[in-house]
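Summary of the model geometry
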Amino acid sequence: CIRKYMKQSKIGMFFLSVTGPGIGGNFFLFVERVYKFVMGVEKKPIDLILIHLAFTNEMTLCAKGISDIISAFHFNNFLGSAGCKTVLYLGRVARGLSICTTCLLSVVQAITVSARTTSWRKLKPQTAWQVLPYLLLLWIFNFLISSNLLYYITTVNSTSKSEISPYVGYCYMLPSRQIVRWFFVTLMALRDIIFQSLMGWSSGYLAFHLYKHHKCVLYLQSSRFQKKSSPEIRATQSVLILMSCFLFFYWTDLIFSFYMGSFLISDYIIFNIEIFLASGYASFSPFVLITRNGHVANYWRTH
């Protein structure tokens, strides 16, 4: 029992070491962007999207942190059935919103850089308030496709443990009809496929467009300016780093989860890797945006 407790405690400490900086980074990014949004004369759509991304990543880490820390450190389950439903439901909603918001960020960037020369001009949001309906639709959509958790999640104290299967920590999933399970799994899979496809297309288009622009600039500039990267290229690098970060953590986590579920792996190292991957994007994305924020913001504000 002592050995098992020490193992669970190590998992809990590892989780805190991953999510702690992420929570702090997202909070800093959120406060910084809110301050610039409120104090700025012009309300940029990109500022509102970054605020929303930081908020959803913070929700993801906090919801996952509550359930995992309770389980890892063997705290009494103070959540209860309603708490389990709320925490896991908001955690899944936040994860979906993180995917959708990252996609929206990439698409808005692609439209912004191409709006001056193509028919995309009509789609470009002129103010931050034009982005609000899209964010509201994303919330409604993700609320709906995660709604099954509100009914099927419970605690072990609420029913017989032999009738249910573990979901996260002290929270358990009630058995459901196969058609219900496949319906919600299909909706989530379609969401991920559609938004990741849009993300890939917009990021690729953005990189191609800015690369062409950079080549034209280099052709006109004198050789003494060619050693310094243009703001457009630095903005492209920031976008591609963020998108690559998301895709890496998403697909690697998916592969590891499938591997662990298929072969019933309970190895300590593998489990820690899965924890790292599940929280990786939400933890590291704010630092990508913070460290490169000056270059990207300068470019966006001039377009």
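Residues numbered from 1 in each chain as written. Predicted model: local features only at pLDDT ≥ 70, side-chain atom pairs only at ≥ 80, totals over all residues. Heavy atoms only, no water.

- Identification of the protein chain as Vomeronasal type-1 receptor from Equus asinus is taken from an unreviewed UniProt entry.
- Its UniProt record gives the protein chain the following Function (unreviewed entry) comment, quoted word for word: "Putative pheromone receptor."
- Annotation of the protein chain in UniProt includes, under Sequence similarities (unreviewed entry), the sentence "Belongs to the G-protein coupled receptor 1 family." (UniProt positions renumbered as here; feature names shortened; annotations may be inferred.)

**Overview of the overall build of the protein chain**
- Each helix and strand counted, the protein chain has nine helices and three strands in total.
- In the protein chain, the succession of helices and strands from N to C terminus is α-α-α-α-α-β-β-β-α-α-α-α.
- Nonlocal contacts in the protein chain, meaning residues at least 24 apart in sequence, comprise 78% of its contacts between residues at least 6 apart.
- When the accessible surface of the protein chain is totalled, it reaches about 16600 Å², and 69% of it is carbon and sulfur. (Helix = DSSP H or I, 4+ residues; strand = E, 2+ residues; numbered from the N terminus. Contact = heavy atoms within 4.5 Å. Areas by Shrake-Rupley, 256 points an atom, 1.4 Å probe, with all protein chains shown as cover.)

**Points about the UniProt feature "transmembrane region" (unreviewed entry) in the protein chain**
- Listed under "transmembrane region" (unreviewed entry) in the UniProt record, and renumbered for this structure, are residues 12-31, 93-113, 134-153, 232-252 and 258-282.
- Across residues 134-153, the secondary structure splits into 80% helix and 5% strand, with the terminal C-alpha atoms separated by 29 Å.

**Focus on the pattern of salt bridges**
- As enumerated under the stated definition, the model contains three salt bridges in all.
- Its salt-bridge partner being lysine 36, residue glutamate 32 comes within 3.4 Å of it at the nearest N-O pair. Remark: lysine 36 and glutamate 32 occur in helix H1 (residues 2-39); sequence separation between them is four residues, near one turn of the helix.
- Linking aspartate 47 and arginine 33 is a salt bridge whose minimum nitrogen-to-oxygen distance equals 2.3 Å. Separated by 14 residues along the polypeptide, aspartate 47 in helix H2 (residues 45-72) and arginine 33 in helix H1 bring together distant segments of the chain. Of the two residues, aspartate 47 and arginine 33, neither departs from the other in class, the shared state being buried. (Salt bridge = Lys/Arg side-chain N within 4 Å of Asp/Glu carboxyl O. Buried < 20%, exposed > 50% of the residue type's maximum accessible area, 1.4 Å probe, protein only.)

**Let's talk about the nonpolar core**
- Counting 50 residues, the largest nonpolar core has Leu105, Ile153, Leu242 and Tyr281 as the members making the most contacts within it.
- Looking at this core, the element that brings in the most residues is helix H3 (residues 80-114), giving 15 residues. (Core = buried A, V, L, I, M, F, W, Y, C linked by side-chain atoms within 4.5 Å.)

**Remarks on the confidence of the model for the protein chain**
- When pLDDT is averaged along the protein chain, the result is 76; 68% of the residues meet or exceed 70.
- Model confidence for the protein chain, summarised as mean pLDDT per element, is weakest for helix H9 (residues 293-301) at 50 and strongest for helix H4 (residues 132-145) at 94.
- In this model, residues 222-227 is a region of pLDDT below 50 whose contacts with residues beyond four sequence positions or in other chains number two contacts. (pLDDT = per-residue confidence, 0-100.)

**Observations concerning the packing of H3 against H4**
- Two elements in contact, H3 and H4, have axes separated by 9 Å at closest approach and are oriented at 140°. Between H3 and H4, the angle falls in the class oblique. Considering only the axes of H3 and H4, their crossing is right-handed. Residues Tyr89, Val93, Gly96, Leu97, Cys100, Thr101 and Leu104 of H3 form the contact with H4, whose own contacting residues are Leu135, Leu138, Trp139, Asn142 and Phe143. (Axes fitted to C-alpha atoms, helices over the stretch in contact; angles between N-to-C directions. Parallel < 35°, antiparallel > 145°, perpendicular 65-115°, else oblique. Left-handed = near helix turned anticlockwise from the far one by under 90°.)

**A short note on the environment of asparagine 57**
- Residue position: asparagine 57 is located in helix H2.
- The sequence separation of asparagine 57 and isoleucine 99 amounts to 42 residues, and the corresponding C-alpha distance is 9.8 Å.
- Once residues lying within four places of it in the same chain are set aside, the contact partners of asparagine 57 are Asn26, Ser98, Tyr281, Ala282 and Ser285.

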